[in-house]
Structure formats: C-alpha cells, structure tokens
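Architecture at a glance
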Amino acid sequence: MDEFRFLHAADLHLDSPLLGLTEKSGEYARLIADASRRAFNDMVDLAIRAECRFVVLAGDVFDGDLRDTQCGLFFINGMARLQQAGIRVFMILGNHDAENRFARHLHVTDNVHLFATSRAETCVMEDLGVAVHGRSFGRRDVTDNIARKYPAAVPGLFNIGILHTACQGREGHEPYAPCTVEQLVNHGYQYWALGHVHTREILHENPYVVYAGNLQGRHAREAGPKGASLVTVRDGDVASIEHQVLDAVRWASTVVDLTHAATSADLAGCIRSTGQELVTQAQGRPIALRLELVGASPLHAHLIRDTETVQQEIEVIFASLSDEIWLERLKIRTRPPARPAVLDRSTGGRIAADIRQAATPKALHADLSDILKAILERVPAQARTEEMRESILNDVPARAVDLALSLVENPEGGDDAHQ
C-alpha cells in the first residue's frame, strides 16, 4: 500500500497499582484504581478511530503475576474490539509478562500474533508490504543481546523490529536485552518499536528507533503526559510519528520558586498560578502532584515550622481550582534570605552562631546513621533502602539545623507570614 498507519504502544502494566497512593490517600487510590484499564481502552479507541492497520505491543502488557483472571479477560476483550475493526496485533512478552503465569497461555483472538520465546521470528503482511520481527521474553532476567539474532530485513518490505530492551542502559531500569542504537540502526529495519523504558524517546531517525513510553504513569517519577506513538508510513518510509496522550491520571512534579514571595498572599498567588497551569495541561484528568517549594524567601521560617498548616492551605487553593488535584507530597526546600555579614551579639544571635558552628549537617550524620540502621533493618527487602538512606542523610540534618535556626532567629514566626 502507498500509505497506512500503525500504533506502537508498550508497558501497559494492566492493573498495576499507582504506587504511593494507597498508603497516603485510600479514597484517591480507589478513585483512580482502574487508570491503566482506562488508558488501555483509550488506546483501542485511538487505533480504531485512526484507522490503524495494526498495533504493535512492545512488552509488559501485564504487571507481573496476574492477580485477577478478569484482567486477562479484559485484555482479550480489547483485542476482540480490534479484530472487529479489522486491526491486527503483534505482541511480545516483556520481563513483567514473563513473571505472569497466564500471559503466554491466554487464548487471544485470531488477529493477535504473540511472538515466540525460543527465538526471534518474522510475520509478513503481503497486503501492506510489511514484515514484523520479534521475540518474547521467556524469563524475567533476559541479559543476552537477543537483537543480534533477529532475522535479516526482508528486501522490498517495510521492516519493523519489536524489542523489549534497556538499549544502551537506562537509569532506573534493569539492563534487560542490552543492545546499542548503532546495532539496531545497522540491522536494516525501517522502524524499531521498543519497550521497557517508560519515557517516550526517539533514539534515532531514518531508520527510526523509538521508545513509546508507558500508557499510564504509576508514580511521581513517571510524571507528564503518557501514551503511544501513531506512525504513518508512506511509500515505504516513515512519514510522521505523533505522540498520542492516553493517560487517565496525570502525575506531575513541579517546583515553585518563592524567592520573591514575602507574604502569605504572595504564596497563595504562586500556588494558584501553578495549579491553574497544571489543570490546563492535564485537560480534565485527575492530577497527582508532587510539589517542591524553593528559593531564599522571607516565608522560610513559617514554611518549615508550620508545614502541616501550609499544606492544608495549599490543598484548599487547589480544591478551589479542581476537585481532582491530589497533593501527593509537599517538599519544603526554601532557605532564609541572606543576612548582612555582621555579628549579632544578642542572646539569640549567639545561640544561632553556636548552632551553625556545632550542628552542621555533617556532624549530625553519625547519630542519624545509627537511627537509620535500626529503622531500615525492618524495611522490606525489595525496597530501595540505600536510595532511601542517602536521601534522608542528605536532607534531614540540614532541615534540622534550619528548623533550630528559625526558632532562634524568628521565634514568633514574623508578621510577614500572616499578612
């Protein structure tokens, strides 16, 4: 055919819990528990609406062990909708699918081709002039460069390779099916549909090497629009790649600079402006927000001493903008404005000087390390304890010194915090 479209999606993680919500807001967690399913339904709707000839799923359709057989049935129903629209599906299993007891045994509809785990194979669509190559993970920890053994490109056809990989390594992702961009480019395919990395990225053009990203963000580190890539092929070449936003719930991570905020009214104005921008960007989606306040602000003492009150005030502002903004976490990273380099001989000034000299963050590390060791011994083995430990060691001592200084230098909280 002279022109056709296909949809490239990956990392659906159907029924994956949106991490961090249940512990902090059970009500909000229940409200958006079906976010991955809603994103999947929107993906199917998009493929039908865009008149795609086929869909490519580059692994991790499921989220580890299938907890509920209804999840499998839900997926099959989606495939049946695509079949009714005459849309074929080419699918590989990723590392999470390989953990799943049922994924490879699902009785999918006839329009779905699930690639084998034993070796890479090729499916040819003569009517479109397309060859699709792929291989599923047979186990979770595939550490071999399996792309090396993918079939050679079929001459005269548009060749697509489907691969679940941490291509050239990706921070925060296990190094499964390692390969390089250069290797994929030189393989002779016109398009590589990659999965495993949850951030959309075009690694190379002509030929195209593309991570579609995941359909639905699952935690604050997966912020921003999520979706799939809609690819138009014309005369045997990629004519366009369009990112289609499909997430049902938007994770956002935003920094607000309060350097010029001197009063509570100034703070409210900054928060309201930020909230309005987020609501506009989310286009009606619920928002799970991680908010960080920074800057050398006169409000610093008020912010770190009355954090709970500040959070409540921020939540009220957000609620006035939308009933679907949830403040997942508030980080106070402000600092006091610079003071003149003169010696304060008052009692408070001398105490503050002693605090700065003796209670440095480094001096507090030893005591904090002992406390952390006892706490982290009780944390589940799968948790990122080292990452957690470093974060606390880098953050808590400095905040403790900051709080002590605010109590000495601004014992009443200052008038500016209440103006």
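A brief structural summary. (Residues numbered from 1 in each chain as written. Predicted model: local features only at pLDDT ≥ 70, side-chain atom pairs only at ≥ 80, totals over all residues. Heavy atoms only, no water.)

Concerning the pairing of strand β2 (residues 54-58)
Our working definition: Exposure categories follow from relative accessible area, calculated using a 1.4 Å probe and restricted to protein chains: below 20% of the type maximum is buried, above 50% is exposed, and the middle band is partly exposed. Secondary structure counts use DSSP, requiring at least four H or I residues in a row for a helix and at least two E residues in a row for a strand, with both numbered from the N terminus. Any two strands are treated as partners once DSSP identifies two or more bridges connecting them.
Across the 5 residues of β2, 5 count as buried, placing the element largely inside the fold. Both faces of β2 are covered, namely the face carrying Phe54, Val56 and Ala58 and the face carrying Val55 and Leu57. Direction of pairing for strand β1 (residues 3-9) relative to β2: parallel, over a ladder of 4 bridges. Bridge assignment links Ala9 to a residue of β2, and that residue is Leu57. Here β2 runs beside strand β3 (residues 88-92); their pairing, made up of 5 bridges, is parallel. Looking at β3, one finds that Phe54 is bridged to Arg88.

A word on the environment of Phe137
As for its position among the elements, Phe137 is in the loop between β6 (130-134) and β7 (158-164). C-alpha of Phe137 to C-alpha of Ala98: the two residues are 39 residues apart in sequence and 6.0 Å apart in space.

Description of the sheet that holds strand β15 (residues 325-335)
Quick note on the threshold: Axis angles are defined between N-to-C directions and span 0 to 180 degrees, where every axis is a line fitted to C-alpha atoms and, for a helix, only to the segment in contact.
With parallel pairing, 3 strands are arranged side by side in an open sheet as β13-β14-β15. Unpaired on one side and paired on the other, β13 (250-257) and β15 mark the two borders of the sheet. For this sheet, the mean angle separating the axes of adjacent strands, direction not counted, is 15 degrees. Relative to β15, strand β14 (residues 287-296) is paired through 10 bridges, and the arrangement is parallel. Note on β15: the bridge partner recorded for Val294 is Arg333.

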